[in-house]
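Residue-level structural notes
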Amino acid sequence: QLQASGGGLVQATGFLNLSCAASGSILRFNAMGWYRQAPGKQRELVATITSGGNTNYADSVKGRFTISRGNAKKTVYLQMGNLKPEDTAVYYCNVDVIRTDLRRANSWGQGTQVTVSS
């Protein structure tokens with residue numbers, strides 16, 4: 001299960017931090033990430049981080065957003081800075097894991113709304 005939090009309303013150029021905590025029978029994380037979906041648009045990748053700590057960002061957020069993992073590595077964070085109105089969307093966390101039964105699983109969080117006013 002994934003529990004996301006931290007969304008809200010912020011003015012342009014402001015900051016917002018998202019977090020997503022994973023729980024359950026997880027043996028190992030392959031990757032964790034954030035995606036977003038704006039009204040009328042398809043869901044798109046925002047940022048991902050692998051088990052080795054390699055990160056990947058959408059061009060639109062490079063230099064403004066930072067993805068990281070918690071010390072226990074069961075939590076993924078997204079620090080968002082210099083926010084723009086076009087960042088307004090529902091943000092979803094995603095994890096790709098190996099479960100304790102050795103099966104691979106991919107799970108989505110419930111989504112958290114981020115609204116940036118101009």
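Heads up: the structure comes first, above all this text.
My aim in this report is to walk through the structure given alongside it, one point at a time. (Residues numbered from 1 in each chain as written. Predicted model: local features only at pLDDT ≥ 70, side-chain atom pairs only at ≥ 80, totals over all residues. Heavy atoms only, no water.)

1. A few points about the nonpolar core
- Within the largest apolar cluster, 32 residues are counted, with the highest numbers of intra-cluster contacts made by Trp 34, Val 46, Phe 65, Ile 67, Leu 78, Met 80 and Tyr 91.
- Taken together, the elements giving at least two residues each to this core come down to β1 (2-5), β3 (16-22), β4 (26-37), β5 (44-50), β7 (65-69), β8 (75-80), β9 (89-99) and β11 (112-117).
- In this structure, Leu 78 is in contact with Leu 16, Asn 17, Leu 18, Trp 34, Val 46, Ala 47, Phe 65, Thr 66, Ile 67 and Tyr 91, ignoring residues within four places of it in sequence. (Core = buried A, V, L, I, M, F, W, Y, C linked by side-chain atoms within 4.5 Å. Buried < 20%, exposed > 50% of the residue type's maximum accessible area, 1.4 Å probe, protein only. Helix = DSSP H or I, 4+ residues; strand = E, 2+ residues; numbered from the N terminus. Contact = heavy atoms within 4.5 Å.)

2. Digging into the sheet that holds β3
- If you trace the 4 strands from one edge of the open sheet to the other, you get β1-β3-β8-β7, paired in antiparallel fashion. Each edge of the sheet is formed by a strand with only one pairing partner; in this case those strands are β1 and β7. Along the sheet, successive strands turn relative to each other by an average axial angle of 15°, direction set aside.
- The pairing of β7 with β8 spans 5 bridges and is antiparallel. Bridge pairing links Ser 68 to Tyr 77 in β8. (Pairing = 2+ DSSP bridges. Axes fitted to C-alpha atoms, helices over the stretch in contact; angles between N-to-C directions.)

3. Some thoughts on the environment of Thr 112
- Mapped onto the elements of the fold, Thr 112 is located in strand β11.
- You can call Thr 112 buried: its relative accessible area is 10%.
- With 94 residues separating them in the primary sequence, Thr 112 and Leu 18 have C-alpha atoms 8.4 Å apart.
- Looking at Thr 112, its side chain comes within polar contact range of the main-chain nitrogen of Gly 7, at 3.2 Å. (Polar contact = N/O pair within 3.5 Å; in protein donor to acceptor, adjacent residues only side chain to side chain.)

4. Considerations on the packing of aromatic side chains
- Enumeration according to the criterion identifies 1 aromatic pair in this entry.
- Relative to Trp 108, the ring of Tyr 35 has its centre 5.0 Å away and its plane inclined at 65°; by these criteria the two rings are edge-to-face. Of this pair, Tyr 35 sits in strand β4 while Trp 108 sits in strand β10 (residues 104-108), and the two are 73 residues apart along the sequence.
- Over the aromatic face of Tyr 92 sits the side chain of Arg 43, whose NZ or CZ is 3.8 Å from the ring centroid.
- For Arg 43, the ring lying beneath its charged end belongs to Trp 108, and the centroid distance is 4.5 Å. (Phe/Tyr/Trp six-rings, centres within 6.5 Å; stacked < 30°, edge-to-face > 60°. Lys NZ or Arg CZ within 6 Å of the ring centre and 35° of its normal.)

5. Notes on the pattern of salt bridges
- Applying the stated rule across the entire model yields 6 salt bridges.
- Here Arg 36 and Glu 44 are joined by a salt bridge, their closest N and O atoms 2.7 Å apart.
- We classify Arg 36 as buried; its relative accessible area is 5%.
- Two residues, Arg 104 and Asp 96, come together in a salt bridge whose shortest N-O distance is 2.8 Å. (Salt bridge = Lys/Arg side-chain N within 4 Å of Asp/Glu carboxyl O.)

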